[in-house]
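# Structural overview for review
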Amino acid sequence: MIPSQAERKISVTQEYAGQRLDQFLAAQLADVSRSRVQQMIAGGCVRVNGAAARASLKLRGEERIEIVGTVQPPPLRALPEEIPLRIVYEDDDLAIVDKPAGMMVHAGSGATDEQRNRGTLVNALLHHFGTLSSVGGELRPGIVHRLDKQTSGLIIVAKNDVAHRKLAAQFSGRTIKKQYVALVHGWMKQERGRIESAIQRDRIRRTRMTTKRGGGREALTDYHVRRKLTTPWGRFSLVELNIHTGRTHQIRVHMASLGHPVVGDTLYGAPRELRSTTGKAPVAVLPTIDRNFLHAAHLELVHPRTGAPLSLSAPLPDELEAWLRRLESAT
């Protein structure tokens, strides 16, 4: 246990009676996962009415909780691993890679064993390029921005610290253009529009983000409907999206907030299977795609050394094209 700069005292009220201690604290502490809270409790960093407690303790609604320190997990260092990569662009300063769905960009900061630091984009990058920028630390070398695990598409990698800082400045200045393609459930009412709903973490389901709480961080998404589909399994919209901010799950939570979740995104309300009741035919069941139908298709940026404009694109992956064709052939 080490001292914490954010030592806190929390009074539990009756509305939380019956909740587990770890569940309560995960909802109260911003950006702290439940597993991290459990580590803090196990490490003696949390006291209830002056005494140590278990994560499973059921609250009665009258406790005084003190957070008196934090647990520092052992640092992880990313290691090279031979994994195939599709490199769209490369020079001495940066590379742009077409990441497949199902691959994490880097191991999470809560990872506690070597096995969880395997199979990531960072592992593959270290094998292919050897040296990457150190700005992001030993667990995230070269990583300037991220994509969700189940989102495919273009991601920028910095090979040195100078390039990393200049690319990061372009992201913070919102001069890099990021265009995505998504298939969402339902027909969107407007062909074009902008979503400006602020985003923050859901208090109860910590893996989700939400637009339904007050406050949050500014998030801007522009959309343009490319195509509308009517199929035996319902209506769909193929949408082109440009994001001006880089919030966690931004497109996914913004689309869900309009009632149009991304196909395959069960975390934000997309169905696990599609059922057809067209005409008198038997009900036809179509399992949803086993990833999010979301792809980072286009990037525009300025080269960090030369100042020359770069414009790169990546087509829809085969599995998304095949699933889209299946829908279209049934229309």
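A brief structural summary. (Residues numbered from 1 in each chain as written. Predicted model: local features only at pLDDT ≥ 70, side-chain atom pairs only at ≥ 80, totals over all residues. Heavy atoms only, no water.)

### Some details on helix α5 (residues 250-257)
Cut-off, in case you're wondering: Working definition: with a 1.4 Å probe on protein chains only, accessible area under 20% of the residue-type maximum means buried, over 50% means exposed, and in between means partly exposed. Here a strand is any run of E in DSSP of at least two residues, a helix any run of H or I of at least four, and the numbering for each starts at the N terminus. Residue contacts follow a heavy-atom distance rule, with two residues in contact if any of their heavy atoms lie within 4.5 Å.
Most of α5 sits inside the fold, with six of its eight residues counted as buried. Residues of α5 that are buried include every one of Gln250, Ile251, Arg252, Val253, His254 and Met255, and no others. Taken together, the buried residues of α5 touch β8 (177-185), β9 (192-195), β11 (209-210), β12 (221-231), β13 (234-243) and β16 (294-302). Backbone geometry just downstream of α5 places glycine 259 in the positive-phi region, at approximately 85°.

### Here's the deal with helix α2 (residues 34-42)
Turn by turn, an α-helix covers 3.6 residues, leaving residues three or four places apart pointing in a common direction. Counted only if it meets this: The arc in question is the one traced by the directions running from the helix axis out to the C-beta atoms.
All of the buried residues in α2 are Val37, Met40 and Ile41. Taken down its axis, α2 places every buried residue within 100° of arc, on the same side. Lining the buried residues of α2 we find α1 (21-28), β2 (46-48) and β4 (64-67). Where α2 terminates, the next one or two residues include glycine 44, which has phi positive at roughly 80°.

### Some words on the side chain of threonine 245
Put simply, the rule reads: Two N or O atoms form a polar contact when they lie within 3.5 Å of each other; inside protein one atom must be a possible hydrogen donor and the other a possible acceptor, and for residues adjacent in sequence the pair counts only when both atoms belong to side chains.
Mapped onto the elements, threonine 245 comes out in the loop between β13 and α5. Polar contacts involving the side chain of threonine 245 include one to the main-chain amide nitrogen of leucine 220, which spans 3.0 Å. For threonine 245, the side chain forms a polar contact with the side chain of glutamine 250, separated by 2.8 Å. Among all residues touching threonine 245, those that are not within four sequence positions of it are Arg174, Lys178, Glu218, Ala219, Leu220 and Gln250.

### Regarding the packing of aromatic side chains
Filter applied, for reference: Any two of the Phe, Tyr and Trp rings considered here, Trp counted by its six-membered ring, make a pair once their centres fall within 6.5 Å; the pair's planes then place it as stacked at under 30 degrees, edge-to-face at over 60, or tilted in between. The criterion is that NZ of a Lys, or CZ of an Arg, lies within 6 Å of the ring centre and within 35 degrees of the ring normal, and then a charge sits over that ring.
Counted according to the given criterion, the structure contains one aromatic pair. For arginine 235, the ring lying beneath its charged end belongs to tryptophan 187, and the centroid distance is 3.9 Å.

### Focus: the packing of α1 against α2
The packing of two helices is summarised by the inter-axis angle and the distance between the axes. Going by this rule: What counts as an axis is a line fitted to C-alpha atoms, over the stretch in contact for a helix, and the angles between N-to-C directions run from 0 to 180 degrees. Here is the rule for angles: anything less than 35 degrees is roughly parallel, anything more than 145 is roughly antiparallel, 65 through 115 is roughly perpendicular, and the remaining ranges are oblique. The crossing is said to be left-handed when, going from far helix to near helix, the turn is anticlockwise and less than a right angle, and right-handed when the turn is clockwise. Residue polarity is assigned by list, with Asp, Glu, Lys and Arg as charged and Ala, Val, Leu, Ile, Met, Phe, Trp, Tyr, Cys and Pro as nonpolar; anything else, Gly included, falls into the polar class.
Across the interface, α1 lies against α2 with an axial gap of 9 Å and an inter-helix angle of 120°. One way to sum up the angle between α1 and α2 is to call them oblique. As for the relative orientation of α1 and α2, their crossing is right-handed in sense. Across the interface between the two elements, Leu21, Asp22, Gln23, Leu25 and Ala26 from α1 touch Arg34, Val37, Gln38 and Ile41 from α2. The residue inventory of the contact of α1 with α2, partitioned by class, reads five nonpolar, two polar and two charged.

### Regarding the pattern of salt bridges
Rule in force here: Here, a salt bridge means any side-chain nitrogen of Lys or Arg that lies within 4 Å of a carboxyl oxygen of Asp or Glu.
Under the criterion given, the structure shown has 16 salt bridges. For glutamate 90, the salt bridge is made with lysine 159, and the minimal N-O distance between the two is 2.6 Å. With glutamate 90 in strand β5 (residues 87-90) and lysine 159 in the loop between β7 (152-158) and α4 (161-172), this pair connects stretches of sequence that are 69 residues apart. For arginine 227, the salt bridge identified is with glutamate 328, shortest N-O distance 1.8 Å.

Spatial relationships are all this shows, so hold off on functional conclusions.
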